[in-house]
Every structure is written in structure tokens, then in C-alpha cells.
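Here's the letter readout for the chains.
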Amino acid sequence: MVEQLLIKDIDNCDVPDVNLLITEDDTPVDNLASAKQQRLLVGSLYSSLENQVFLAEANVGVYHTYGEPAIVPDVFVSFDVETPQNWWQKQNRCYLVWKFGKVPEVAIEIVSNQEGEELGKKLQIYEKMRVYHYVVYDPNLQLGDQVLTVYHLKARRYVQTTNHWLEEVGLGVTLWEGEFEGRNDTWLRWCDQDGNVLMTGDERAKKAEKRAQLLAERLRVLGVDPDTI
């Protein structure tokens, strides 16, 4: 268990009544492509960063400012925090910044139309929140001529950069062509500093199976039956 970074002397703070907050509205708003992309981003993190403590979620509200509605990133990542034990309690169903004691380090938006204000209102909110890295993935070029746009926080303002390495979290983002859940396409993926994508659990299992098959073939060439080992 990780000790959450809570706001000190919370009893004397003007904390919103959690019962008045909208932690979920049960409205299906995503499309098939975005939902699959979100699963890839979240799932590969949990498969690859097993020794790190973090919270990565898709379509979960982040309450950041008293009196303002939550913002709902397509994907966010927050390090050194974890899901509360009793996640069915009202105050634990979404990301309350005053409860976790920090904002997420990374916010990702997947553009599917021109109505989301990813380069307008949402950018301004994430900048005001001081989210270190803001990533906008626009596969159909709804907002301009860039498929992938990355912003880093510098002196309290976002600076667009061609550097897709997110220094503060030790992760990068890259575009990758391949198959995920039976669909061949171009995907937004996490990567290491050398550009190697972080693998999903299925990808790791397939890689291990391929290695085992190659080893078995080499043993047979040497006259050894791998089934007897």
C-alpha cells in the first residue's frame, strides 16, 4: 500500500461536499476506435510498469478546482498514488485532486470530431491544473495537419514540442503500426527512450511462446527432445 499524498489540515479547508459531485453519469459517449485505443494505452502500462505505483484510467472524471465541473481525459496517468481500497464509496469513484494531493502527470485526448475543444478549452484547463504533459492524438486530422501533438509544461505554460519523450515520468509516446485485439491500424503507444513500445500482456505472452518454440527447435537440432526436459 502507498500512503496517499493528502492535503494537510483538510478539516479546515473548504472541501466540496462529495455527495454533490457527479462521479459518473452512465452515458456511453465513446466510439469503438477510441475505446480500443484507450484499452491499449492503459493495459500496456499495467503490463509493463509492474514495479511502479501509479493510477492510469480512461474516461474517469478529474475534479481539480472547487466550484468547477470535472474534466474527463480519455486517458490520464498519475504516479505515486493508487486506487482507494473501497472504490465503491462516493468519494473514491473519481479522481479528486484534493484527496489524492496531486494532479495527474499526463493527460491524453483522442480526437474523434471537432467538438471536444482539445486544443482550446481542454488545453487551457490542463495548463491551469499544471499537468506536466498533454498529448493530443488526432488520427483523422480533425483539428489540423498533425496526428500527434505533445505539450510540455514550462514556466506554467504549455509549449508544443516535437520531443515525444515525457521526461518527468520516464515514458515516451509514439505512433505504431500493427495489430491490437484483432485490428490492424496505426496506434498511439507508450515507448521507452529507445523507441521500443511497452507491450501488452498478450504481446508478452506471444513473445514468450515464440521464444519457447525457437528454443525447442534448437534443442531438436542438437538431438534433444524438449518434452523430456
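The rules behind the values
Residues numbered from 1 in each chain as written. Predicted model: local features only at pLDDT ≥ 70, side-chain atom pairs only at ≥ 80, totals over all residues. Heavy atoms only, no water. Helix = DSSP H or I, 4+ residues; strand = E, 2+ residues; numbered from the N terminus. Buried < 20%, exposed > 50% of the residue type's maximum accessible area, 1.4 Å probe, protein only. Areas by Shrake-Rupley, 256 points an atom, 1.4 Å probe, with all protein chains shown as cover. Pairing = 2+ DSSP bridges. Contact = heavy atoms within 4.5 Å. Axes fitted to C-alpha atoms, helices over the stretch in contact; angles between N-to-C directions. Salt bridge = Lys/Arg side-chain N within 4 Å of Asp/Glu carboxyl O. Phe/Tyr/Trp six-rings, centres within 6.5 Å; stacked < 30°, edge-to-face > 60°. Core = buried A, V, L, I, M, F, W, Y, C linked by side-chain atoms within 4.5 Å. Lys, Arg positive; Asp, Glu negative; His and termini not counted. Polar contact = N/O pair within 3.5 Å; in protein donor to acceptor, adjacent residues only side chain to side chain.

On a plain count of helices and strands, the protein chain comes out with four helices and 11 strands. A total of 229 residues make up the protein chain; the buried ones form 39% of that total. For the protein chain, the accessible area works out to roughly 14000 Å², and carbon and sulfur atoms hold 49% of it.

Take the sheet that holds strand β10 (residues 171–180) next. The sheet built from three strands is open, its strands ordered β9-β10-β11 with antiparallel pairing. Each edge of the open sheet carries a strand with a single partner, namely β9 (165–166) and β11 (183–191). Alignment of β9 against β10, held across two bridges, turns out to be antiparallel. Among the inter-strand pairings, Leu166 is bridged to a residue of β10, identified as Leu171. Each of β10 and β11 touches helix α1 (residues 32–48); the most contacted strand, β11, lies at about 40° to it.

In this section: the pattern of salt bridges. Scanning the model with the defined rule gives seven salt bridges in all. Glu181 is the partner of Arg39 in a salt bridge, and the nearest nitrogen-oxygen pair spans 2.7 Å. A residue pair is termed long-range when its members are at least 10 positions apart, and Arg39 in helix α1 and Glu181 in the loop between β10 and β11 qualify at 142 residues. Classification of Arg39 by relative accessible area gives partly exposed; the value is 42%. Glu181 gets classed as partly exposed once you look at its relative accessible area, which sits at 42%.

On to the packing of aromatic side chains. In the structure shown here, the tally under the stated rule is 10 aromatic pairs. With a centroid separation of 5.3 Å and 75° between ring planes, the pair formed by Phe76 and Tyr95 is classed as edge-to-face. Note that Phe76 is positioned in strand β3 (residues 75–79) and Tyr95 in strand β4 (residues 95–96), a separation of 19 residues in sequence. Comparing Phe76 with Tyr95 shows no difference in burial state: the two are buried. Ring centres of Phe180 and Trp187 lie 5.6 Å apart, and the angle between their planes is 80°; this geometry places the pair in the edge-to-face category. Each member of the pair, Phe180 as well as Trp187, carries the same accessibility label: buried.

The next thing to look at is unusual backbone geometry. Within the chain, Arg130 stands out as a residue other than glycine whose phi angle is a positive 70°. Position of Arg130 relative to the elements: it lies in the loop between α3 (121–129) and β6 (133–137).

This part is about α3. The complete set of buried residues in α3 reads Lys122, Leu123, Ile125, Tyr126, Glu127 and Met129. Residues of α3 that are buried make contact with β2 (62–63), β5 (106–110), β6, β7 (148–154) and β8 (157–161).

Take the nonpolar core next. Nonpolar side chains tend toward joint burial in soluble globular proteins. Among the nonpolar cores identified, the biggest contains 24 residues, and Val62, Tyr95, Tyr126, Met129, Tyr134 and Tyr158 are the most heavily contacted of them. Secondary-structure elements contributing two or more residues to this core are β2, β4, α2 (97–100), α3 and β6. When residues of this core are assigned to their parent elements, the largest contribution, four residues, is made by α3. Among residues more than four places away in sequence, those in contact with Met129 are Val62, His64, Ile71, Val103 and Pro104. Ile108, Tyr137, Val150 and Trp190 belong to the second largest nonpolar core, which has 23 residues in total.

Below, the discussion takes up the side chain of Asp74. Note that Asp74 resides in the loop between β2 and β3. Buried charged residue Asp74 carries no salt bridge. Nearest counter-charge: Lys122, at 5.6 Å. Side-chain polar atoms of Asp74 contact the backbone nitrogen of Ile110, separated by 2.6 Å. With sequence-adjacent residues up to four places away left out, Asp74 is seen in contact with Asp30, Gln38, Glu57, Ala58, Asn59, Ile108, Glu109 and Ile110.

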